[in-house]
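Coordinates in review
Here is what each chain is made of, one letter per residue.
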Amino acid sequence: MSGSRYWLVVLVALSSACAPAAQGTGGGPARNSQLITTEEIKHSTASNAYVLVESLRPRWLARGSRQTLTGAPEVAVYMGGVRLGGVEVLRSIATSEVAELRFLDAGAAQSRFGSGHMAGVILLTPAGQ
């Protein structure tokens, strides 16, 4: 093997060894950190949306725990375009009522819903839509 070909093989081997691993398990597709899909909901044993988020995307709930000068902002929850409240309202929503959950960071949330969404938004798509 020529010298340049040898280094090319070494470079390719090192590059693939340093590549980030997929988030999925068992060789399945990687999870989207901003979305809980219908498929994930179907395979979950969670009885309500709060437990679902807590088990699958706990960072969504932790976003509202950071302190600011005016206190801790709270993640807002919307379903069908209507603001329901903070993350605690998720406890009253059965997983069977939800088709999909999506997290919007502060920038996307404020762009869509206006100011007052510094911790982000959890959007719930009702089942059957």
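Among the structural elements, N48 can be located in the loop between α2 (38–43) and α3 (49–56). For N48, a relative accessible area of 13% gives the class buried. Among the polar contacts made by the side chain of N48, one reaches the main-chain amide nitrogen of Y50 at a distance of 2.9 Å.

This part is about the nonpolar core. Core analysis: the biggest nonpolar cluster contains 22 residues, and I36, L90, L101, I122 and L124 have the highest contact counts within it. At the level of secondary structure, the elements contributing two or more residues to this core comprise α3, α4 (58–62), β2 (76–79), β4 (98–104) and β5 (121–126). Ranked by residues supplied to this core, first place goes to α3 with five residues. Those residues in contact with L124, other than ones at most four positions away along the chain, are A49, V77, Y78, M79, G80, L90, I93, V98, E100 and L101. Of all hydrophobic cores here, the second largest spans six residues; its members include A76, Y78, V121 and L123.

The subject of this paragraph is α3. Looking only at α3, the buried set comprises A49, Y50, L52, V53 and L56. All buried residues of α3 lie within an arc of 160° about the axis, which places them on one face of the element. Check the buried side of α3 and you find it contacts β1 (35–36), α2, α4, β4 and β5. Backbone nitrogen of Y50 and a side-chain oxygen of the N-cap are separated by 2.9 Å at the start of α3; the cap is N48.

Looking now at the pattern of salt bridges. Considering all chains together, one arrives at three salt bridges under this definition. E40 is the partner of R57 in a salt bridge, and the nearest nitrogen-oxygen pair spans 3.0 Å. Here E40 lies in helix α2 and R57 lies in the loop between α3 and α4, a separation of 17 residues in the sequence. One exposure class covers both R57 and E40, and it is buried. The shortest N-O distance in the salt bridge between E88 and R91 comes to 2.7 Å.

Each value, and the rule that gives it
- Residues numbered from 1 in each chain as written.
- Predicted model: local features only at pLDDT ≥ 70, side-chain atom pairs only at ≥ 80, totals over all residues.
- Heavy atoms only, no water.
- Helix = DSSP H or I, 4+ residues; strand = E, 2+ residues; numbered from the N terminus.
- Buried < 20%, exposed > 50% of the residue type's maximum accessible area, 1.4 Å probe, protein only.
- Polar contact = N/O pair within 3.5 Å; in protein donor to acceptor, adjacent residues only side chain to side chain.
- Core = buried A, V, L, I, M, F, W, Y, C linked by side-chain atoms within 4.5 Å.
- Contact = heavy atoms within 4.5 Å.
- Arc of directions from axis to C-beta.
- Salt bridge = Lys/Arg side-chain N within 4 Å of Asp/Glu carboxyl O.

These figures come from the coordinates and say nothing about function on their own.
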